[in-house]
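Summary of structural features
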2 protein chains.
Amino acid sequence: MSALTAAAQPNRFVPGYLAASLPSSIGGMAKVQRSADPLAAIAQVKVYDREHAIFAEGEAADAIFRVVDGVIRLYKLLPDGRRQIIGFLQAGDMMGLAFAERYLYSAEAVTATTVQRISRAQLDDLLDAQPSLARKLLSVTTSELVAAQDQMLLLGRKTALEKLASFLLALSRRTDGNRAIALPMSRSDIADYLGLTTETVSRGFTKLKTNRLIRILDGGKVELLDREALAELAECA
Amino acid sequence: MSALTAAAQPNRFVPGYLAASLPSSIGGMAKVQRSADPLAAIAQVKVYDREHAIFAEGEAADAIFRVVDGVIRLYKLLPDGRRQIIGFLQAGDMMGLAFAERYLYSAEAVTATTVQRISRAQLDDLLDAQPSLARKLLSVTTSELVAAQDQMLLLGRKTALEKLASFLLALSRRTDGNRAIALPMSRSDIADYLGLTTETVSRGFTKLKTNRLIRILDGGKVELLDREALAELAECA
DNA sequence: CGTTGTGTTGAAAAAGATCAACATGTGTGG
DNA sequence: CCACACATGTTGATCTTTTTCAACACAACG
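A brief look at the structure comes next. Not measured: the values here are computed from a predicted model.

**Structural notes on the overall build of chain A**
When its secondary structure is counted, chain A shows seven helices and 11 strands. Within chain A, the fraction of its 237 residues that count as buried is 54%. Relative to all contacts within chain A whose residues are 6 or more apart in sequence, the contacts with residues 24 or more apart total 73%. Split by element, the accessible area of chain A, about 9,900 Å² in all, is 50% carbon and sulfur.

Written out as structure tokens, the structure reads:
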């Protein structure tokens, strides 16, 4: 399979722009040879509390990050405070890859989070030493773009309810079992991700509950009762 | 400069997702050695009439394209026909890079267009033969993501007038001189790019005209009379 | 010279935002 | 362990923006 076809399936549940899923051996046994995860070798592990900032838009961008555990949000702000969440990141996703001298968005921990920090300088060295890595990163970045397109379609052309249905389905695609899915982020996070207000998100959930498409469980979990109907509502994506 | 910092300036006027500006010697004299533009060597030149399809979402994706001349639109459709334009491409931009087995969006010529067609198979060979190309493509793809983020902010959080102002400013950034900028695409194209209706776009233009921020010239050209005010309206981007 | 497509403008309708109140839930300190 | 305080979420009423529906102007084209 070519580097480009490898980028095929956009099975990440959110664009998480500039984020990327790279096969990671984190948590697994280190039975693979060193070259299997060259990034891990030069990574520094960091832990962030819930709701803490990892970096902010405009700061010098001297590192990229890979999420080991937890959920992170990436977002951009307008001068007057309006916020657009670019993506939610989960284990395996990367962020900071597409940057200039400075970060072009902010990153915060939604839940308590563990990340690997890879300095830009070291990454550049690694890219020189191991040209195949560039192709892997290309493949990964490319699949982010695919997800980004879907999100543009969602933001520009879908109704509130369609956005919600799309969001829940995308989430559930990430969770392996089709059991209940976790919603670690707040209504306000969801709203800023879908281009809505918290009230509209809340009303949407209520409507989906009333129509028996979903059920809210303890711990902020959601069960998708009628995946079929949700897919119809979501208009594909 | 590293491959990543090279991706810095998102000076493309539209995300044009999965499109990418790669330095091209098209139109210039071939005084550079063959390796300067390896893609040109394996490209096949094709010409498309105004409003003609180049490829459609879902078709087998066996080639990528680079625009030599003209303007192209990339878009996705919802089952009921709602359209979201992902980006407008101009000379130097690439499309089709981020794909699976099939194209994930459609491409049509807005104006009469000349493109270079590079077959996937040949591109893959070239990537094997010349690993540095992957790094260039990574840099280019990465800058697309940056533009994509801005578009997500625009679609999710900006008002109609802010969207229009942002669009005009982005366009003008592409046009070197700050003279009049060409608007080869229809109101309906602009609407589908900004997540609006044609009527709202039209009213927006009228308002900008009335407030002396722009002036409509012959041949669908627009002159930005008050770049300052437009920038304020656009809220940055 | 009519026809067709594109753009503009107006009036009515709808979706979503805003403002406001209240409910629920969580965490803290007493 | 309880009571309170503060966060977050839900619901209702109203308002605004944008869409929708409709008419018309205008230009390009056959």
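There's plenty left to go through after this.
**Considering the sheet that holds strand β6 (residues 94-95) of chain B**
Residues and elements named next belong to chain B. Spatial ordering of the open sheet is given by β1-β8-β3-β6, a layout of four strands whose pairing is antiparallel. Strands at the two margins of the open sheet, each flanked by one partner only, are β1 (44-48) and β6. Where strand β3 (residues 63-69) lies against strand β8 (residues 113-119), six bridges are found, and the strand directions are antiparallel. In the strand pairing of β8, A63 is matched with S119. Sheet strands touched by helix α2 (residues 120-129): β3 and β8. Its angle to β8, the strand with the most contacts, is close to 65°.

**Considerations on the environment of L155 of chain A**
Residues and elements named next belong to chain A. Note on placement: L155 falls in helix α3 (residues 131-157). On the accessibility criterion, L155 (6% relative accessible area) is buried. Sequence separation between L155 and L194 is 39 residues; the distance between their C-alpha atoms is 6.4 Å.

**Here's the deal with the interface of chain A and chain B**
Each side of the interface is counted separately: chain A has 56 residues, and chain B has 55 residues. Contact between chain A and chain B buries roughly 5,000 Å² in total, counting both sides, with carbon and sulfur atoms accounting for 67%. At the boundary of chain A with chain B, the tally comes to 10 salt bridges. One salt bridge in this structure joins R82 of chain A and E235 of chain B, with 3.2 Å as the shortest N-O distance. In this assembly, chain A and chain B are joined by 18 residue pairs in polar contact (both at pLDDT 80 or more). Elements with a contribution of two residues or more to the side of chain A that touches chain B: β4 (72-77), β5 (83-89), α2 (120-129), α3 and α5 (187-194) of chain A. The dominant element in the side of chain A that touches chain B, judged by the number of residues it contributes, is α3 of chain A, at 19 residues. Partitioned by chemical class, the residues of the side of chain A that touches chain B number 30 nonpolar, 10 polar and 16 charged.

**Brief notes about the protein's contact with DNA strand C**
Contacts to DNA strand C come from 14 residues, most closely from A160, T200 and R203 of chain A together with R187 and T206 of chain B. Protein-adjacent atoms of DNA strand C, using a 4 Å cutoff, are sugar or phosphate at a proportion of 61%. Between R187 of chain B and DNA strand C, the recorded distance is 2.7 Å, taken from a side-chain N or O atom to a phosphate oxygen. Sorting the residues of the surface near DNA strand C by element identifies α6 (198-210) of chain A together with α6 (198-210) of chain B as the ones contributing at least two each. Split by residue class, the surface near DNA strand C holds two nonpolar, seven polar and five charged.

**Examining the relation of the copies chain A and chain B**
After a rotation of 180° and a shift along the axis of 0.0 Å, chain A superposes on chain B with an RMSD of 0.0 Å. Those values place the two copies in the arrangement expected of a two-fold rotation axis. Taking C-alpha positions as the reference, the residue of chain A nearest the rotation axis is L138 of chain A, at 2.4 Å.

**Observations regarding the packing of aromatic side chains**
Overall, the coordinates contain 12 aromatic pairs over all chains when judged by the stated rule. An aromatic cluster is defined as three or more aromatic residues linked by ring pairs; in this entry it consists of F55, F65, Y103 and Y105 of chain A.

**Some thoughts on the nonpolar core**
Core analysis: the biggest nonpolar cluster contains 96 residues, and M95 and F167 of chain A together with M95 and F167 of chain B have the highest contact counts within it. Core analysis: the second largest hydrophobic core is formed by 25 residues, I64 of chain A together with L123, L137 and L138 of chain B among them.

**Considering the protein's contact with DNA strand D**
As a structural note, the neighbourhood of DNA strand D is formed by 14 residues, with R187, S202 and T206 of chain A together with T200 and R203 of chain B the closest of them. Each atom of DNA strand D within 4 Å of the protein belongs either to a base or to sugar and phosphate, the latter forming 58%. Here S202 of chain A contributes a side-chain N or O atom positioned 2.9 Å from a phosphate oxygen of DNA strand D. R203 of chain B places a polar side-chain atom, nitrogen or oxygen, 2.9 Å from a base oxygen of DNA strand D.

**Notes on the pattern of salt bridges**
All names here are of chain B. Summed over all chains, the structure comprises 32 salt bridges over all chains. D37 is paired through a salt bridge with R66; the nearest N and O atoms lie 2.8 Å apart. Here D37 is found in the segment before α1 (38-42), whereas its partner R66 is found in strand β3, with 29 residues between them in sequence. Residue R66 is classed as buried on the basis of its relative accessible area, which comes to 0%. A salt bridge links R174 to D93; its shortest N-O distance comes to 3.2 Å. With R174 in helix α4 (residues 160-174) and D93 in the loop between β5 (83-89) and β6, this residue pair connects regions lying 81 residues apart in the sequence.

**A short note on the packing of helix α4 (residues 160-174) of chain A against helix α7 (residues 227-234) of chain A**
Residues and elements named next belong to chain A. Two elements in contact, α4 and α7, have axes whose closest approach is 8 Å; the angle formed by their N-to-C orientations is 125°. When the axis of α4 is compared with that of α7, the two are oblique. With respect to the hand of their crossing, α4 and α7 are arranged in left-handed fashion. For the pair α4 and α7, contact is made by L161, E162, A165, S166, L169 and S172 and by R227, L230, A231, L233 and A234, respectively. Along the lines of polarity and charge, the residues of the contact of α4 with α7 split into seven nonpolar, two polar and two charged.

Conventions adopted
- Residues numbered from 1 in each chain as written.
- Chains lettered and ligands numbered in written order.
- Predicted model: local features only at pLDDT ≥ 70, side-chain atom pairs only at ≥ 80, totals over all residues.
- Heavy atoms only, no water.
- Helix = DSSP H or I, 4+ residues; strand = E, 2+ residues; numbered from the N terminus.
- Buried < 20%, exposed > 50% of the residue type's maximum accessible area, 1.4 Å probe, protein only.
- Contact = heavy atoms within 4.5 Å.
- Areas by Shrake-Rupley, 256 points an atom, 1.4 Å probe, with all protein chains shown as cover.
- Pairing = 2+ DSSP bridges.
- Axes fitted to C-alpha atoms, helices over the stretch in contact; angles between N-to-C directions.
- Buried area = accessible area lost by both parts, 1.4 Å probe.
- Salt bridge = Lys/Arg side-chain N within 4 Å of Asp/Glu carboxyl O.
- Polar contact = N/O pair within 3.5 Å; in protein donor to acceptor, adjacent residues only side chain to side chain.
- Nonpolar A, V, L, I, M, F, W, Y, C, P; charged D, E, K, R; others polar.
- Near = heavy atom within 4 Å.
- Least-squares fit on C-alpha atoms with pLDDT ≥ 70 in both.
- Phe/Tyr/Trp six-rings, centres within 6.5 Å; stacked < 30°, edge-to-face > 60°.
- Core = buried A, V, L, I, M, F, W, Y, C linked by side-chain atoms within 4.5 Å.
- Parallel < 35°, antiparallel > 145°, perpendicular 65-115°, else oblique.
- Left-handed = near helix turned anticlockwise from the far one by under 90°.

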